[in-house]
Protein chains: 2
Amino acid sequence: MAVNLKPLDDNTLLPIAGLELSVAEAGVKYANRRDVLVMHIDKGNTVAGVFTQNRFCAAPVQLCKQHLDAGVQIRALVINTGNANAGTGEEGRQRARAICAALADELSCQAEQILPFSTGVILEPLPADRIVRALPARKPASWAEAAHAIMTTDTMAKASSRRVSIGGEPVAVTGIAKGAGMIHPNMATMLGFVATDAAITRPVLNQLVKEVCDPSFNCISVDGDTSTNDSFILISTGKSQAPLIDSTDSADYQAIKAALLDVATELAQAIIRDGEGATKFVTVEVEGGRSVAECKAVAYAIARSPLVKTAFFASDPNLGRLLCAIGYAGVNDLDVDRLELYLDDVLVAHQGGRHPDYREEQGQAVLNQAEFKVRVLLHRGAAQARVWTCDFSYDYVRINADYRS
Amino acid sequence: MAVNLKPLDDNTLLPIAGLELSVAEAGVKYANRRDVLVMHIDKGNTVAGVFTQNRFCAAPVQLCKQHLDAGVQIRALVINTGNANAGTGEEGRQRARAICAALADELSCQAEQILPFSTGVILEPLPADRIVRALPARKPASWAEAAHAIMTTDTMAKASSRRVSIGGEPVAVTGIAKGAGMIHPNMATMLGFVATDAAITRPVLNQLVKEVCDPSFNCISVDGDTSTNDSFILISTGKSQAPLIDSTDSADYQAIKAALLDVATELAQAIIRDGEGATKFVTVEVEGGRSVAECKAVAYAIARSPLVKTAFFASDPNLGRLLCAIGYAGVNDLDVDRLELYLDDVLVAHQGGRHPDYREEQGQAVLNQAEFKVRVLLHRGAAQARVWTCDFSYDYVRINADYRS
């Protein structure tokens, strides 16, 4: 089903010095499935993260924030699928702590030095004992195997790598992600982990994680549902020979940011390409707004509209639904007579109505493609925003009506 | 498909003295279909309306607002289906004006005394000439026939009546509505027309129309899409023997308001019962909020979530999706440990997690019903809100992927 998404090739995924991956079968939800991933990081690293804005943020997210805020040296990440440990109250926090404690024991560190992550069904007690029992039996894993281990309703594993030169020295960036449903910024049931062997100070990494997440993972929407467990983590192991990046005002910062953003964007787009039931990959660009916020509001009104998304599924250039969504996006003083609407390079609407030269066959040709762009020019300012989304198909309903059974 | 919605019985729909209904076949989109309705009102009436907040508000909506603001005596409403005359710019306004002018000629009044309404596909030129040609050939119609004439993707016609005593005199209230898709408050592709033979001054009617629309038509959501054409109109013919209602501070005002609200609520609920692809009718009640706005935000987060709605369709008591939606509703200081979540009378979640006594069979029993209630107690104030919605089924996708073909 995934739209233009290639199977992973382990040979293209760069190892990150100072970071070891291993997986285990805990039987959280299904037997005989690798459902636990551990990322073990050598000392001397820095780690930063951004997390869901959902008020029902899951127990592991609460612990991650505590552990990162404590300023201790992080030594490992432990991720399980099959259960989100969300909506589980104090008991959920205790169970997440028990997993951290068990892994810390083995690694001879404190529980606070472990970051826990969970994804899967909400409101069910996490079988932490099974995860604790499975941890010692885990086996070394490649990046592709790691990407497989964190999948839920994903149909394909998601990983990406880049090499970049920092101060004349080669640096590697590799990341994995999972997504599929409950995807909306700030953030989705989306886990993203991107690691580099570059050396980056914690304050700089804290800034980088926001600047990288915002135009990538925070610009995607499958169904408008912001999940309880979303997390995006940057890991800097510092094991390359490149000079330490200790300022955001440097060419080295721009270089590592560009590489991290490339990887994060490819992963974020992969989540949309593999969106639940997706048959189309759609880029929504809004330009000429007074603020980024209003451009995003218009882009997300389009990306969230079930009517627009079912029309995409049907390859139906039902432009009225697009204009309707723009109209209710909440830009209250929007002058609809000034805006222009394009499908790829085809000008379809202007002056509050259909362009006289537009022919339905042109819109049809654009929508027949597996990938296309919706472009809205507001002509009221210089701000812009870009969002990626997918269509809304029978399979979205099937997947989400069947998910727990 | 409609959930617990009975076919109309013309015998239960009260005539409104001073109001004549007639229908015509204009062939706007389909041949041999009554697609134009005229409501001719005797002099001495008052009329008030509320309209969509969509910035792409349709040409007829723009004219309705102008004509109502002009303060002239309204003499007729003309409604067509098959084409929304929205996103049609200046030409769309001219075509709507041409229809008003033609009907005004026949009724010996001014074009400004006619209110035009359109519903159907957006961004296609309205074949106004066909409507103008069809107007003289229209035939008298009953309320049930009128309700049929304004249907689009509705599977059943929607009408409702009440009788009420004002100052000891009998007064009738009868209304019709159409809806089905693109339904979200402020408002939906929803047309609602409610008439009474009570006499009500224009200032009082202007207040009434808001007070009646707000807890009825503005509390429904099928798919979260606010349409370009939504209109709700109150007509007071003043032909009953009841005393004039010229103040909002009177028992008569409360009595007529209650009757109008009854009719409007039944019509609004009928739109949800007949929502595109609906198999469930769900009431979402949020209590104990600090403001009505935050209660509505929580209720609509639930009512709009595709994940919640597909779970309803599957009769799957996937409570995690409900908590997740509450969590991202935007109530930023919400303490999730204090809230309680009920399905009908079953307490399913409290203290941030599942209630220990809750058994899945209980939730399953509630969701197996065609109608049930989701009740959220926020425990942080005295405000409340109620919203009606439906589930999200394969048929929603089918209907909206096929709608234009």
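Reading the values: the criteria
Residues numbered from 1 in each chain as written. Chains lettered and ligands numbered in written order. Predicted model: local features only at pLDDT ≥ 70, side-chain atom pairs only at ≥ 80, totals over all residues. Heavy atoms only, no water. Helix = DSSP H or I, 4+ residues; strand = E, 2+ residues; numbered from the N terminus. Rg over C-alpha atoms; globule rule 2.2 N^0.38 Å. Buried < 20%, exposed > 50% of the residue type's maximum accessible area, 1.4 Å probe, protein only. Areas by Shrake-Rupley, 256 points an atom, 1.4 Å probe, with all protein chains shown as cover. Pairing = 2+ DSSP bridges. Contact = heavy atoms within 4.5 Å. Axes fitted to C-alpha atoms, helices over the stretch in contact; angles between N-to-C directions. Salt bridge = Lys/Arg side-chain N within 4 Å of Asp/Glu carboxyl O. Least-squares fit on C-alpha atoms with pLDDT ≥ 70 in both. Domains from an automatic or database assignment. Buried area = accessible area lost by both parts, 1.4 Å probe. Polar contact = N/O pair within 3.5 Å; in protein donor to acceptor, adjacent residues only side chain to side chain. UniProt positions renumbered as here; feature names shortened; annotations may be inferred. Phe/Tyr/Trp six-rings, centres within 6.5 Å; stacked < 30°, edge-to-face > 60°. Lys NZ or Arg CZ within 6 Å of the ring centre and 35° of its normal. Nonpolar A, V, L, I, M, F, W, Y, C, P; charged D, E, K, R; others polar. Parallel < 35°, antiparallel > 145°, perpendicular 65-115°, else oblique. Left-handed = near helix turned anticlockwise from the far one by under 90°.

Enquirer: I would appreciate a short explanation of the overall build of chain A in the present structure.
Expert: Along its length, chain A carries eleven helices and 17 strands. Whereas a compact globule of 405 residues would reach a radius of gyration of roughly 22 Å, chain A reaches 22 Å, a difference of no more than 12%. Principal axes of the C-alpha set define a box for chain A whose edges measure 70 × 50 × 40 Å. The buried share of chain A, taken over its 405 residues, is 64%. In the structure as shown, chain A presents an accessible area of about 14000 Å², 46% of it carried by carbon and sulfur atoms.

Enquirer: Can you help me understand the sheet that holds strand β17 (residues 383-390) of chain A in this one?
Expert: Picture the strands of a sheet paired through backbone hydrogen bonds; they go either parallel or antiparallel. Residues and elements named next belong to chain A. Taken together, the seven strands give an open sheet; going across it, the order is β10-β17-β12-β16-β13-β14-β15, and neighbouring strands pair in mixed fashion. In the strand order of this sheet, the two ends are held by β10 (220-221) and β15 (353-354), each with one partner. Contacts between helix α7 (residues 292-304) and the sheet are confined to β10, β12 (281-289), β16 (371-377) and β17, with β17 contributing the most and set at about 20 degrees to the helix.

Enquirer: Quick question: what am I supposed to make of the pattern of salt bridges here?
Expert: Residues and elements named next belong to chain A. Per the counting criterion, the structure on display carries 34 salt bridges over all chains. Between aspartate 333 and arginine 290 there is a salt bridge whose closest N-O contact spans 3.0 Å. Of this pair, aspartate 333 sits in the loop between α9 (319-327) and β13 (340-343) while arginine 290 sits in the loop between β12 and α7, and the two are 43 residues apart along the sequence. Judged by its relative accessible area of 45%, aspartate 333 falls in the partly exposed class.

Enquirer: I keep staring at the sheet that holds strand β9 (residues 191-196) of chain A and nothing clicks. Help me out?
Expert: Residue and element names in this part refer to chain A. Spatially, β3-β11-β9-β8-β7 is the arrangement adopted by the five strands of the open sheet, whose pairing is mixed. Lying at the two open borders of the sheet, with one neighbouring strand each, are β3 (46-51) and β7 (158-166). Neighbour-to-neighbour, the strand axes of this sheet turn through a mean angle of 15 degrees, independent of strand direction. Pairing between β9 and strand β11 (residues 231-236): six bridges, direction parallel. Across the sheet, glycine 192 pairs through a bridge with phenylalanine 232, a residue of β11. Across the sheet, helix α1 (residues 59-69) is in contact with β3 and β11; its angle to β3 comes to roughly 140 degrees.

Enquirer: Sorry if this is basic, but what is going on with the relation of the copies chain B and chain A here?
Expert: Both copies of the chain are placed relative to one another by a rotation about an axis and a shift along it. Rotating chain B by 180 degrees and translating it 0.0 Å along the rotation axis places it on chain A, where the RMSD comes to 0.0 Å. Each copy turns onto its partner about a two-fold axis. Distance from the rotation axis, computed per C-alpha, reaches its smallest value in chain B at tyrosine 394 of chain B: 2.8 Å. Both copies share a contact surface, since 100% of the interface residues of chain B are interface residues in chain A too.

Enquirer: Looking at this model, I keep getting lost on the domain arrangement of chain A. Mind explaining?
Expert: Accessible area lost on assembly of the parts is the figure often given for the size of an interface. All names here are of chain A. Entries for chain A in the domain assignment read domain 1 (10-273) and domain 2 (281-402). Computed from C-alpha coordinates alone, the two centres of domain 1 and domain 2 are separated by 32 Å. The interface of domain 1 with domain 2 comprises 16 residues on the first partner and 13 residues on the second. Of all residues in domain 1, Cys219, Ile272 and Arg273 give up the largest surface area on contact with domain 2, accounting jointly for 35% of the area buried on that side. Linking domain 1 with domain 2 are one salt bridge. Viewed at the interface, domain 2 and domain 1 are joined by four residue pairs in polar contact (both at pLDDT 80 or more). Looking at the side of domain 1 that touches domain 2 element by element, the count peaks at four residues for helix α6 (residues 251-273).

Enquirer: Honestly, the UniProt feature "binding site: substrate" (unreviewed entry) in chain A in this entry has me stumped. Any pointers?
Expert: Residue and element names in this part refer to chain A. This chain's UniProt record puts "binding site: substrate" (unreviewed entry) on Thr152, Lys178, Thr189, Glu276, Asn400 and Ser405. For threonine 152, the location among the structural elements is in the loop between α4 (143-149) and β7. Beyond its immediate sequence surroundings of up to four residues, threonine 152 is in contact with Thr81, Thr119, Gly120, Lys178 and Gly179.

Enquirer: It is not clear to me how the packing of aromatic side chains should be interpreted in this structure. Could you clarify?
Expert: To describe a pair of aromatic rings, one takes the distance between the centres and the angle between the planes. Applying the stated criterion across every chain, the model contains seven aromatic pairs over all chains. A centroid spacing of 5.0 Å and a plane angle of 45 degrees characterise the contact between phenylalanine 217 of chain A and phenylalanine 232 of chain A, whose relative ring orientation is tilted. Here phenylalanine 232 of chain A lies in strand β11 and phenylalanine 217 of chain A lies in the loop between α5 (202-213) and β10, a separation of 15 residues in the sequence. For phenylalanine 217 of chain A, a relative accessible area of 1% corresponds to the buried category. Taking the relative accessible area as the measure of exposure, phenylalanine 232 of chain A reaches 0% and is therefore buried. Its guanidinium or amino end placed over the ring of phenylalanine 281 of chain B, arginine 273 of chain B lies 4.0 Å from that ring's centre, counting from NZ or CZ.

Enquirer: Sorry, what's going on with the interface of chain B and chain A here?
Expert: Counting from both sides, the interface comprises 58 residues of chain B and, opposite them, 58 residues of chain A. The contact between chain B and chain A buries some 4900 Å² in all, and 59% of this surface belongs to carbon and sulfur atoms. Taken together, the links from chain B to chain A amount to two salt bridges. Remark: the boundary between chain B and chain A carries twelve residue pairs in polar contact (both at pLDDT 80 or more). For the side of chain B that touches chain A, the class distribution of residues is 26 nonpolar, 20 polar and twelve charged.

Enquirer: What should I look at first to understand unusual backbone geometry in this one?
Expert: Peptide bonds are, in most cases, trans, and in most cases residues other than glycine have a negative phi. The residue histidine 379 of chain A is not glycine, and still its phi comes out positive at about 55 degrees. Locating histidine 379 of chain A in the fold gives a position in the loop between β16 and β17.

Enquirer: Teacher, can you tell me more about helix α1 (residues 59-69) of chain B here?
Expert: Working note: α-helix, 3.6 residues per turn, so residues spaced by three or four point in the same direction. Along α1 of chain B, the residues that are buried comprise Ala59, Pro60, Val61, Leu63, Cys64, His67 and Leu68 of chain B. Against the buried residues of α1 of chain B lie β3 (46-51), α2 (89-107), β5 (114-121), α5 (202-213) and β11 (231-236) of chain B.

Enquirer: Which parts of the structure should I look at to understand the pairing of strand β12 (residues 281-289) of chain B?
Expert: Along a regular strand, successive side chains alternate from one face of the sheet to the other. Residue and element names in this part refer to chain B. Of all the nine residues making up β12, eight are buried; the element is thus mostly covered by neighbouring parts of the structure. Inspection of the sheet shows β12 paired to strand β17 (residues 383-390) by eight bridges, in the antiparallel sense. Looking at the pairing, glutamate 287 lines up with glutamine 384 of β17.

Enquirer: Which parts of the structure should I look at to understand the side chain of serine 22 of chain A?
Expert: All names here are of chain A. Position of serine 22 relative to the elements: it lies in strand β1 (residues 19-24). Residue serine 22 is classed as buried on the basis of its relative accessible area of 11%. Only 2.7 Å separates the side chain of serine 22 from the side chain of arginine 138, close enough to count as a polar contact. Apart from residues lying up to four places away in sequence, serine 22 is in contact with Val36, Leu37, Val38, Arg138, Lys139, Pro140 and Ala141.

Enquirer: Honestly, the packing of helix α8 (residues 306-313) of chain B against helix α9 (residues 319-327) of chain B in this entry has me stumped. Any pointers?
Expert: The relative placement of two packed helices is expressed as an angle between their axes plus a distance between the axes. Residues and elements named next belong to chain B. For the pair α8 and α9, the least separation of the axes is 9 Å and the interaxial angle reads 155 degrees. Taken as axis vectors, α8 and α9 run roughly antiparallel relative to one another. You can see that α8 and α9 cross each other, and the crossing is left-handed. Across the interface between the two elements, Leu307, Val308, Thr310, Ala311 and Phe312 from α8 touch Arg321, Leu322 and Ala325 from α9. A class-by-class count of the residues in the contact of α8 with α9 yields six nonpolar, one polar and one charged.

Enquirer: Please clarify how the packing of α5 of chain A against α6 of chain A should be interpreted in this entry.
Expert: Residue and element names in this part refer to chain A. Relative orientation of the contacting elements α5 and α6 amounts to 45 degrees, with a least axis distance of 10 Å. Taken together, the axis directions place α5 and α6 in an arrangement best described as oblique. In this structure, the crossing between α5 and α6 has a hand that is right-handed. Taking contact as the criterion, the partners of Val204, Gln207, Leu208, Glu211 and Val212 in α5 are, on α6, Tyr253, Ile256, Lys257, Leu260, Leu261 and Ala264. Of the residues that constitute the contact of α5 with α6, the class distribution is eight nonpolar, one polar and two charged.

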